[in-house]
Amino acid sequence: AQSVTQPDIHITVSEGASLELRCNYSYGATPYLFWYVQSPGQGLQLLLKYFSGDTLVQGIKGFEAEFKRSQSSFNLRKPSVHWSDAAEYFCAVGGGGGADGLTFGKGTHLIIQP
Amino acid sequence: NAGVTQTPKFQVLKTGQSMTLQCAQDMNHEYMSWYRQDPGMGLRLIHYSVGAGITDQGEVPNGYNVSRSTTEDFPLRLLSAAPSQTSVYFCASSYSADIYEQYFGPGTRLTVT
C-alpha cells in the first residue's frame, strides 16, 4: 500500500529565510507526487506535481521540489519565505487510480516569524 | 469556471440525523472523490467515482453513501450521523482516474452532537 510520511508536524521559519519541508513516500512503482497548500479555513491548492522527467519541478508561489528516487523523497523548498506562506502543507502520492486515490501525509504546519 | 463547489459550508447535526453534502464540478472531469480531514490525520479517501454511474469505496467508507447520476454531481450521504463523523469534508475532481492532479472544493465543516 502507498504511504506518505511528513516527519515535521510544525516548522517555524523567519521571514526571508529559506524553507525545506520533508516528504518521504512508499509506493511500488513510479509515483505521481504532489504538494498541496491549505490556508486556514480554505480548501487545498496544488503547489506542484511530479509525474516523470526532470526531477526538479517548479511550482507556483516560488516553490520547488526535488524527486529523489533513491531516498524515496520529494522535499519542498523555497529560497525566501513570506508571511503569506504560513499555512498547512500536504505531500501526497498517487498513481494507481481508483481506490488508491491520493494518499496524503499528515501535514506540516508552517509558522512564519517576523 | 466555478471549479469544484460544495454546499453547505457549515452544518451541525444531531446524532442519528441524515443529510447530504453536495458537490459539483463544471470542468467535465471523469474522476470525483470525497475525503475527510481530521486533525493530525491528513486527508483520507471516503468514496470515489470514475464516471457517471460508477462508484466505489475508499479507505474509510463506513457510514457514507454516494451516487453519481451525472458527470457534474457527486453527493455524499450520511445515513445516520455519529459524533465520529465530525470532520471537514472535501470533494475533489480530476480529468481522469489516472490520478492527474485533483482540484479541491472549499470544504464542508460538519459537527455531529
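Keep in mind it's a predicted model, so treat the numbers as computed, not measured.

### Here we look at the overall build of chain B
Looking only at helices and strands, chain B features zero helices and 11 strands. For chain B, the α and β elements follow one another from N to C terminus as β-β-β-β-β-β-β-β-β-β-β. Here chain B has a C-alpha radius of gyration of 13 Å; the compact-globule value for 113 residues is 13 Å, and the two agree. Taken along the three principal axes of its C-alpha coordinates, chain B extends 35 × 25 × 25 Å. The buried share of chain B, reckoned over its 113 residues, is 50%. For chain B, long-range pairs separated by at least 24 residues make up 54% of all intrachain contacts whose partners lie at least 6 apart in sequence. For chain B, the separation between the mean place of its 7 positive charges and that of its 9 negative charges on side chains is 15 Å.

### Looking at the overall build of chain A
When helices and strands are tallied, chain A shows zero helices and 12 strands. Seen in sequence order, chain A has helices and strands lined up from the N terminus as β-β-β-β-β-β-β-β-β-β-β-β. Over its C-alpha atoms chain A spans a radius of gyration of 14 Å, differing by no more than 12% from the 13 Å that the globule rule assigns to 114 residues. When each of the 114 residues of chain A is scored for burial, the buried share is 46%. A separation threshold of at least 6 residues defines the contact pool for chain A, and within that pool the share at least 24 residues apart is 54%. Total accessible area on chain A is roughly 5,300 Å²; 48% of this is exposed by carbon and sulfur atoms.

### Looking at the pairing of strand S2 (residues 10-14) of chain A
All names here are of chain A. In S2, alternate side chains face the same way, and those of Ile11 and Val13 are buried while those of His10, Thr12 and Ser14 on the opposite face are not. In the sheet, S2 pairs with strand S12 (residues 108-113) via five bridges, with the strands oriented parallel. Counterpart to Ser14 in the pairing with S12 is Gln113.

### Some words on the nonpolar core
Residues Leu19, Trp35, Leu47, Leu48, Phe74, Leu76 and Tyr89 of chain A are the most contacted members of the largest nonpolar core, which totals 26 residues. Elements supplying a minimum of two residues to this core: S2, strand S3 (19-21), strand S5 (32-38), strand S6 (44-50), strand S8 (64-68), strand S9 (73-78), strand S10 (87-94) and S12 of chain A. Counting residues per element, this core draws most heavily on S10 of chain A, at four residues. Counting residues in each nonpolar core, the second largest holds 19 residues, with Val4, Met32, Ile46 and Tyr64 of chain B among its members.

### Let's talk about the environment of Glu64 of chain A
Residue and element names in this part refer to chain A. Within the secondary structure, Glu64 sits in strand S8. Separated by 12 residues in the primary sequence, Glu64 and Leu76 place their C-alpha atoms 5.9 Å from one another. Setting aside residues up to four positions removed in sequence, Glu64 forms contacts with Leu48, Leu56, Val57, Gln58, Asn75, Leu76 and Arg77. Engagement of the side chain of Glu64 in a polar contact is seen with the side chain of Gln58, the distance being 3.2 Å.

### Notes on the pairing of strand S11 (residues 108-112) of chain B
Residues and elements named next belong to chain B. Side chains Thr108, Leu110 and Val112 of S11 all project onto a buried face; the interleaved residues Arg109 and Thr111 project onto a face where none is buried. Pairing between strand S2 (residues 10-13) and S11: four bridges, direction parallel. Looking at S11, one finds that Val12 is bridged to Thr111. The sheet contact formed by strand S9 (residues 87-94) and S11 spans three bridges and is antiparallel. Bridge assignment links Val88 to a residue of S11, and that residue is Arg109.

### Focus on the sheet that holds strand S7 (residues 64-66) of chain B
Residues and elements named next belong to chain B. Strand order in the open sheet made by the four strands is S1-S3-S8-S7, with antiparallel pairing throughout. Looking at strand neighbours, the two that pair on one side only are strand S1 (4-7) and S7, the edges of this open sheet. Averaged over all adjacent pairs, the angle separating strand axes in this sheet is 20°, with direction ignored. Taken together, the four bridges between S1 and strand S3 (residues 19-25) define a ladder with antiparallel strand orientation. Along S3, the bridge assignment pairs Val4 with Gln25.

### Comments concerning the packing of aromatic side chains
For the coordinates displayed, the defined rule picks out 15 aromatic pairs over all chains. With a centroid separation of 6.4 Å and 85° between ring planes, the pair formed by Phe90 of chain A and Phe104 of chain A is classed as edge-to-face. Residue Phe90 of chain A is found in strand S10, and its partner Phe104 of chain A is found in strand S11 (residues 103-104); the two are separated by 14 residues along the sequence. Pair check on accessibility: Phe90 of chain A and Phe104 of chain A agree, each one buried. A network of ring pairs unites the aromatic residues Tyr32, Phe34, Tyr36, Phe51, Phe90 and Phe104 of chain A together with Tyr35 and Phe104 of chain B as a single cluster. The ring of Phe74 of chain B carries Arg68 of chain B above its face, with NZ or CZ at 6.0 Å from the centroid.

Basis of the calculations
Residues numbered from 1 in each chain as written. Chains lettered and ligands numbered in written order. Predicted model: local features only at pLDDT ≥ 70, side-chain atom pairs only at ≥ 80, totals over all residues. Heavy atoms only, no water. Helix = DSSP H or I, 4+ residues; strand = E, 2+ residues; numbered from the N terminus. Rg over C-alpha atoms; globule rule 2.2 N^0.38 Å. Buried < 20%, exposed > 50% of the residue type's maximum accessible area, 1.4 Å probe, protein only. Contact = heavy atoms within 4.5 Å. Lys, Arg positive; Asp, Glu negative; His and termini not counted. Charge placed at Lys NZ, Arg CZ, Asp CG, Glu CD. Areas by Shrake-Rupley, 256 points an atom, 1.4 Å probe, with all protein chains shown as cover. Pairing = 2+ DSSP bridges. Core = buried A, V, L, I, M, F, W, Y, C linked by side-chain atoms within 4.5 Å. Polar contact = N/O pair within 3.5 Å; in protein donor to acceptor, adjacent residues only side chain to side chain. Axes fitted to C-alpha atoms, helices over the stretch in contact; angles between N-to-C directions. Phe/Tyr/Trp six-rings, centres within 6.5 Å; stacked < 30°, edge-to-face > 60°. Lys NZ or Arg CZ within 6 Å of the ring centre and 35° of its normal.

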